[in-house]
Amino acid sequence: EESVPAAPATLLFDQPIGATLWWALSSAAKIRPDQPPPTTKNGTIRLSSARNEREAVQFIVRPSRRLEDCRLTCGDLTGGSGARIAANQIEFLQVHYLEISEPTDRVSKKGLWPDPLLPISGPLELPPDFNHAFWVRVFVASNTPAGTYRGTVELRATGLAAHIAIELTVYNFT
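Treat the numbers as computed from the prediction; the structure is a model and nothing was measured. Within each chain, residues carry numbers counting from 1 in the order of the written sequence. Two thresholds apply to this predicted model, a pLDDT of at least 70 for residue-level local features and 80 or more for giving and counting side-chain atom pairs, whereas whole-chain, interface and lining totals are computed over all residues. Calculation of side-chain values draws on the structure's entire complement of heavy atoms; hydrogens and water are dropped beforehand.

Numbering of helices and strands runs from the N terminus, with a helix taken as a DSSP run of H or I at least four residues long and a strand as a DSSP run of E at least two residues long. Of the regular secondary structure elements, the chain holds zero helices and 13 strands. The order of helices and strands in the chain, counted from the N terminus, is β-β-β-β-β-β-β-β-β-β-β-β-β. Taken against the 2.2 N^0.38 rule, which gives 16 Å for 174 residues, the C-alpha radius of gyration of the chain at 17 Å falls within 12% of a compact globule. Oriented by its inertia axes, the alpha-carbon framework of the chain measures out at about 50 × 40 × 30 Å. We compute the radius of gyration from the C-alpha atoms alone; for a globule the expected value is 2.2 Å times N to the 0.38, where N is the number of residues.

Moving on to the environment of Trp-23. In this structure, Trp-23 sits in strand E2 (residues 19-24). There is a polar contact of 3.2 Å between the side chain of Trp-23 and the backbone oxygen of Thr-44. Pairing of N or O atoms within 3.5 Å defines a polar contact, subject to two protein rules: one partner must be a possible hydrogen donor and the other a possible acceptor, and residues neighboring in sequence count only if both atoms are side-chain atoms.

With respect to the helices, strands and loops of the structure, Ile-100 is situated in strand E8 (residues 90-100). Counting along the chain gives eleven residues from Ile-100 to Gln-89, while the straight-line C-alpha distance between them is 34 Å. Residues within four places of Ile-100 in sequence aside, it is in contact with Lys-109, Lys-110, Gly-111 and Trp-113. Note on contacts: a residue pair is in contact if any heavy atoms of the two residues lie within 4.5 Å.

With that settled, consider the pairing of E8. Examined bridge by bridge, E8 and strand E11 (residues 132-140) share five bridges and lie antiparallel to one another. Bridge assignment links Glu-91 to a residue of E11, and that residue is Arg-137. If DSSP finds at least two bridges between two strands, the strands pair. Taken together, the seven bridges between E8 and strand E9 (residues 111-119) define a ladder with antiparallel strand orientation. Paired with Val-95 across the two strands is Leu-117, which belongs to E9.

This part covers the pattern of salt bridges. Salt bridges are identified by distance alone: a Lys or Arg side-chain nitrogen within 4 Å of an Asp or Glu carboxyl oxygen. Here the structure, examined in full by the defined rule, presents eight salt bridges. For the salt bridge of Arg-66 with Glu-125, the shortest nitrogen-to-oxygen distance reads 3.8 Å. Of this pair, Arg-66 sits in the loop between strand E4 (53-63) and strand E5 (67-74) while Glu-125 is found in strand E10 (residues 124-126), placing the two residues 59 residues apart along the sequence. Note on classification: 1.4 Å probe, protein chains only; a residue is buried when its accessible area is under 20% of the maximum for its type, exposed when over 50%, partly exposed between these limits. Residue Arg-66 is classed as partly exposed on the basis of its relative accessible area of 41%. The salt bridge partner of Arg-84 is Asp-76, with a shortest N-O separation of 3.7 Å.

Here the focus is the nonpolar core. Buried Ala, Val, Leu, Ile, Met, Phe, Trp, Tyr and Cys residues form a nonpolar core when they are joined through side-chain atoms within 4.5 Å. Counting 34 residues, the largest nonpolar core has Leu-21, Ile-45, Phe-59, Val-61, Leu-77 and Leu-168 as the members making the most contacts within it. Here this core takes six residues from strand E13 (residues 160-170), the largest share from any one element. If near-sequence neighbours (up to four positions away) are discounted, Leu-77 is found in contact with Ala-83, Arg-84, Ile-85, Ile-90, Val-138, Tyr-149, Arg-150, Gly-151, Ile-166 and Leu-168. Grouped together as the second largest cluster of nonpolar side chains are 13 residues, Ala-24, Ile-60, Tyr-97 and Ala-133 included.

Turning our eyes to something else, we now look at the packing of aromatic side chains. Centres within 6.5 Å are what make two rings of Phe, Tyr or Trp a pair, Trp counting through its six-membered ring; a difference in plane orientation under 30 degrees is then read as stacked, over 60 as edge-to-face, and the rest as tilted. Inspection of the entire model under this criterion finds two aromatic pairs. When the centroid spacing of 5.3 Å and the interplanar angle of 85° are considered together, the rings of Tyr-97 and Phe-130 count as edge-to-face. With Tyr-97 in strand E8 and Phe-130 in the loop between E10 and E11, this pair connects stretches of sequence that are 33 residues apart. With a relative accessible area of 17%, Tyr-97 lands in the buried category. Relative to Phe-173, the ring of Tyr-171 has its centre 5.8 Å away and its plane inclined at 5°; by these criteria the two rings are stacked.

Turning our eyes to something else, we now look at the pairing of strand E12 (residues 147-157). Here E5 runs beside E12; their pairing, made up of four bridges, is antiparallel. What sits directly across from Thr-73, in E12, is Glu-154. When E12 meets E13, the two strands line up antiparallel, connected through eleven bridges. Among the inter-strand pairings, Arg-156 is bridged to a residue of E13, identified as Ala-161.

As structure tokens, this is what we get:
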């Protein structure tokens, strides 16, 4: 059985908050429910984009206990000279898993496989000991000045609050 290579990823927080939080460099990475978190640590989610495009990164939550009333939010991203990417240009999508009984290519495997990507509507319940993958997708308008934009992703659930730095580099082209 061929193994699926792990996506380049970075650990954000480990267990003390009641969940392991990490992010994968590629939004196209297939993060399995049982994939171990990375060992490389860095407390900031980083992504880059040209103007007039949407760019995403995966944010993974692996709770050590059931998380109830779980919500993900992000405020405005702020850059130099007062430039902003408004919070309403940032969306969270949840990766769902399908049960695969017969792999159809060399990459997929039997078992739960990440595939459908659905908008989040309302608070979530996240079972423990399972990777819950989310896309953080940012729309960068065509008139957004090039530069570095910073903000905070917030994860809240009953008895848990985490604030994760996010940094977006916008390039000077479309």
